[in-house]
Structure formats: C-alpha cells, structure tokens
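Observations on chain architecture
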Amino acid sequence: MAAASRGAYEVGGSVVGITMSLLTSPVNDYLTENRPTMDFYGRLQGLIRDSDGYIAVRGGIGTLVEITLVWNKLTTNVLPPRPLVLVGSDIWLPWLAACQATLAVQPHHLDHLIIVDTAAEAVAAVVKAKPTRLAA
C-alpha cells in the first residue's frame, strides 16, 4: 500500500488512507488524508464505499477478500458500476479459471473485471471508466 500511496503522492495525487486501530503498523508518510476506523470491517466498508474504482495487484488473503467482496457487490448491483481492475494477467487469469472450474462463477460474472498487465494500463482503465469524482 505504501508504494501505491507514494506513487500517487509524488505526482500530486490525493492519497486517502482508511486505517484501522487494530493494526500496529505505522500509517505511511504519503497520505494526504487519514480516515481512521476501529476494525477491519469498518476499513473494508470505507474502502468500498469511498472508491470510484479499484485496482488490485498480487497480494494475500486480504486482497482476495477485498476483490471478491467488491466483485460480488458489482455483480449483484449493490454498487453502481465501477471499474475493478486486476493487474497481472499471469496471476489473475489462472485464478479466475480455477474459480470457474470449481465454483458457480459464470462467464457473465467476468464482465465486471478488467484484466491488465501494467500499472499504466490499470490507471488508464479507471480514467476511461470516468468515475464520478474523476469526470469533472
């Protein structure tokens, strides 16, 4: 998270951190705004609610939780359409194939995902989708 925050900060971007008091790790130095929460669920809710789009790179179980929750909310229309971009086709395509092979994931569920290979492509995909706060 710090690397993404630093990259955005260094080009003049606004970097909003949704942090939680249960974590003992320090807040990174690149935030322009910090929105503290009490726990994981408050943080997750804030991340989903306050984002115009989502970009995910290879991560751990927490990344999977975040991706699948957003993906579910998009496929069930709980969230208005927003870009959900997964960076690294070599990572995400095999994972999605396994989901389709072993779970009730249908081809139309994949319509809510954008798979790219570079950070530049990810940013371009979010900008192209013209999320509300970026459209102005």
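Note: the structure precedes this text.
First, a word on what this report is: a plain description of the structure on this page. Since the structure is predicted, the reported quantities are computational estimates derived from the model, not experimental observations. (Residues numbered from 1 in each chain as written. Predicted model: local features only at pLDDT ≥ 70, side-chain atom pairs only at ≥ 80, totals over all residues. Heavy atoms only, no water.)

1. Things to note about the side chain of Arg43
Residue placement: Arg43 occurs in helix α2 (residues 40-49). Contacts of Arg43, omitting those with residues within four sequence positions, involve Met1, Ile18, Met20, Thr37 and Glu66. (Helix = DSSP H or I, 4+ residues; strand = E, 2+ residues; numbered from the N terminus. Contact = heavy atoms within 4.5 Å.)

2. Remarks on the nonpolar core
Counting 16 residues, the largest nonpolar core has Val70, Leu84 and Leu86 as its most contacted members. Looking at this core, the elements with two or more residues in it are α2, β3 (54-56), α3 (61-75), β4 (84-87) and α4 (89-102). A total of four residues in this core trace back to one element, the largest contributor, which is α3. Once you skip the residues sitting within four places of it in the chain, Leu86 turns out to touch Ala56, Ile67, Trp92, Leu96, Leu113, Ile114, Ile115 and Val116. Judged by nonpolar contacts, the second largest core, of six residues, contains Val85, Val116, Ala125 and Val126. (Core = buried A, V, L, I, M, F, W, Y, C linked by side-chain atoms within 4.5 Å. Buried < 20%, exposed > 50% of the residue type's maximum accessible area, 1.4 Å probe, protein only.)

3. Regarding the packing of α3 against α4
For the pair α3 and α4, interaxial distance at closest approach is 14 Å and the crossing angle is 65°. For the pair α3 and α4, the crossing hand works out as right-handed. From α3, Thr63, Leu64, Ile67, Thr68 and Trp71 reach across to α4, where they touch Trp92, Trp95 and Leu96. Tallied by class, the residues present in the contact of α3 with α4 amount to six nonpolar, two polar and no charged. (Axes fitted to C-alpha atoms, helices over the stretch in contact; angles between N-to-C directions. Left-handed = near helix turned anticlockwise from the far one by under 90°. Nonpolar A, V, L, I, M, F, W, Y, C, P; charged D, E, K, R; others polar.)

4. Comments concerning the pattern of salt bridges
Under the defined criterion, the tally for this structure stands at five salt bridges. Among the salt bridges present, the one from Arg35 reaches Asp50, with a minimum N-O distance of 2.8 Å. In this pair, Arg35 is assigned in strand β2 (residues 33-37) and Asp50 in the loop between α2 and β3, connecting sequence segments 15 residues apart. The salt bridge involving Arg43 is made with Glu66; its shortest N-O contact spans 3.4 Å. Remark: Glu66 occurs in helix α3 and Arg43 occurs in helix α2; sequence separation between them is 23 residues. Overall, Glu66 belongs to the partly exposed group, its relative accessible area being 26%. Taken together, the salt bridges that share partners define one network made up of Glu33, Arg35, Arg49 and Asp50. (Salt bridge = Lys/Arg side-chain N within 4 Å of Asp/Glu carboxyl O.)

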